[in-house]
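Here's the letter readout for the chains.
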Amino acid sequence: MGNEFVLNESTLEFYKKYDSNLFEIARISSCYRNVFKVWTTDGEKLAKVSGKFSFQVVSEEDMPVVGDWVITSKSNLQDEAVIHEILPRTSKLSRAKAGTEFGEQIIAANVDYCLIVMALNLDFNIRRLERYLTAVWDSGATPIIVLNKADLCNDLDEKMKAVEAISFGTQIIITSATDLEKMKNLQSLLLKNKTYVLVGSSGVGKSTITNFLLGRDVQETTDIRFGDDKGKHCTTTRDLYYSEFGYCVIDTPGMREFALFGSEEGVSTSFKEITELALQCRFTDCTHKNEPGCAIQNALRNGSLTQERYTSYLKLLREEAYSLRKNDAKLMAEEKKKWKQISKAQYSQISKKR
Ligand SMILES: Nc1nc2c(ncn2[C@@H]2O[C@H](COP(=O)(O)OP(=O)(O)OP(=O)(O)O)[C@@H](O)[C@H]2O)c(=O)[nH]1
Ligand SMILES: [Zn+2]
């Protein structure tokens, strides 16, 4: 298990420039400070980045994260692999950094589907679902809505209608940990060779569902020990799991704080009807406040757009703009750092010549 992963065409294309006798493609299954766990064709191994790799790291995003495909070479040293390059990411799930820190922190890469878990009882909240949908669309992964705890819900039809109204054809699956048929149905819908993550608020049943999907108790599986940089020992579990059914599930602690980050694209995808309405406004620069012929104000008046949803849209737009501004500042800081590095390298060249 685990070493049968299938690579897509672009991955193989990327790999072509490497000598397959010396290098292989591996997938990051866990990250620690300077050590990684990777799945290789010979199973799971520890890995570190090469010296050249670490020299080229400018920001955190240049470091491998769970789910990354990487090029590794084997070293004789205790069967430790060396990471040379990260393959282009097809998706990245991020969280905005806390407080005054700039930018995004990538939690996982190359996720195909994101299961947004919402409980059908107390946790049920359409505005929160909108937020998750937006963030998932931003990440490059495809959202799937999982409505869990169906056993605790007695107005399922009503709630389904509310979800359908905002999800634009996103797949919706109803589950309950108490109903084996429903759980098996969810499992049967997951695709081979695809990578899934579960997001959602605390207590909605993510761990319960993950355990079922992997057919085991994740908390109790394979702890391995290894020495870190300082020769200390730490015990830890991995974050990327291969199921015997052929799909992967990433279950990483940071995912629990998966929050908004990124472009306005996610907002316009998850609020498609508002984006489309805005195109019908008489003025192309309509601010949708009091201009004549404003399609959004019209929709609000005739009730086809609810005030709650429009408020939610404006709020998410504002947050996205804020995280973008934070990121701009971060990019500028990185650019500066890069130039410092370059000029330092040039300086040492000059001093060598002397
Ligand atoms: N009645 C009912 N209880 C459920 C269902 N799914 C999970 N639970 C219970 O809800 C509680 C929380 O489930 P978890 O799987 O730990 O939820 P989580 O989303 O992983 O929570 P965090 O770890 O806090 O993020 C547990 O007591 C579960 O047994 C369900 O479908 N129906
Ligand atoms: Zn308008």
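How each quantity is defined
- Residues numbered from 1 in each chain as written.
- Chains lettered and ligands numbered in written order.
- Predicted model: local features only at pLDDT ≥ 70, side-chain atom pairs only at ≥ 80, totals over all residues.
- Heavy atoms only, no water.
- Donors = N, O, S within 2.8 Å, 3.2 Å for Na, K, Ca; no water.
- Tetrahedral: all angles 85-135°; square planar, octahedral: opposite > 155°, others 65-115°.
- Buried < 20%, exposed > 50% of the residue type's maximum accessible area, 1.4 Å probe, protein only.
- Core = buried A, V, L, I, M, F, W, Y, C linked by side-chain atoms within 4.5 Å.
- Helix = DSSP H or I, 4+ residues; strand = E, 2+ residues; numbered from the N terminus.
- Contact = heavy atoms within 4.5 Å.
- pLDDT = per-residue confidence, 0-100.
- Arc of directions from axis to C-beta.
- Expected span 1.5 Å × (residues − 1).

*Asks:* Would you mind going over the coordination of the zinc ion (ligand 2) with me for this structure?
*Replies:* When a metal carries six donors in an octahedron, the ideal angles between them are 90 or 180 degrees, while four donors in a tetrahedron ideally lie at 109.5 degrees. Here the zinc ion (ligand 2) is held by the protein donor atoms C281 (SG), C286 (SG), H288 (ND1) and C294 (SG), which lie 2.1 to 2.4 Å from it. Classification of the site at the zinc ion (ligand 2) as tetrahedral follows from its four donor atoms and the range of 102 to 117° in their angles at the metal. Spacing between the donor residues of the zinc ion (ligand 2) along their common chain follows C-x4-C-x1-H-x5-C. Judged by relative accessible area, which is 16%, H288 ranks as buried.

*Asks:* Looking at this structure, how should I read the nonpolar core?
*Replies:* Taken as a class, soluble globular proteins show a tendency for nonpolar side chains to be buried jointly. With 30 residues, the main nonpolar core has L129 and L147 as its most contacted residues. Looking at this core, the elements that each hand over two or more residues are β8 (113-119), α3 (126-139), β9 (142-148), α4 (156-167), β11 (195-199), β14 (240-242) and β15 (248-250). At five residues, α3 tops the list of elements feeding residues into this core. Contacts of L129, omitting those with residues within four sequence positions, involve I116, M118, I145, V163 and I166. In terms of nonpolar packing, the next biggest core, distinct from the first, is built from 18 residues, Y196, L214, Y247 and V249 among them.

*Asks:* Any chance you could explain unusual backbone geometry here in plain terms?
*Replies:* Generally, phi is negative for residues other than glycine and the peptide bonds are trans, each holding for most cases. In this structure, N193 takes a positive phi of about 65° despite not being glycine. Within the secondary structure, N193 is located in the loop between α5 (180-189) and β11. Judged by its relative accessible area of 41%, N193 falls in the partly exposed class. The residue H288 is not glycine, and still its phi comes out positive at about 60°.

*Asks:* What's the story with the confidence of the model for the protein chain in this structure? I'm lost.
*Replies:* Regions with low pLDDT should not have their predicted coordinates read in detail. For the protein chain, per-residue confidence averages 81 on the pLDDT scale, and residues scoring 70 or more make up 75% of the total. At the low end of the mean pLDDT range in the protein chain sits strand β13 (residues 233-236), at 38; at the high end sits strand β10 (residues 172-174), at 97. In this model residues 218-236 is a low-confidence stretch, pLDDT under 50, and it forms 36 contacts with partners more than four residues away in sequence or in other chains. Predicted complex, confidence summary: ipTM 0.96, pTM 0.76.

*Asks:* What exactly am I supposed to notice about helix α6 (residues 206-214) here?
*Replies:* It helps to recall that an α-helix has 3.6 residues per turn; residues three or four apart then point in one direction. The set of residues buried in α6 consists of K206, I209, T210, L213 and L214. Taken around the axis of α6, the buried residues stretch over an arc of 125°, which confines them to a single face. Of the surrounding elements, those touching the buried residues of α6 are β8, β9, α5, β11, β14 and β15. Positive phi shows up at G215, right after α6, with a value of about 65°.

*Asks:* What is the right way to look at α4 in this model?
*Replies:* With 12 residues, α4 extends 16 Å from end C-alpha to end C-alpha; this agrees with the ideal 16 Å at 1.5 Å per step. Among the residues of α4, K159, M160, V163, I166 and S167 are the ones counted as buried. One face of α4 carries all of its buried residues, which in axial projection span an arc of 135°. More than 90 degrees from the buried face of α4, the exposed residues found are D157, E158, K161 and A165.

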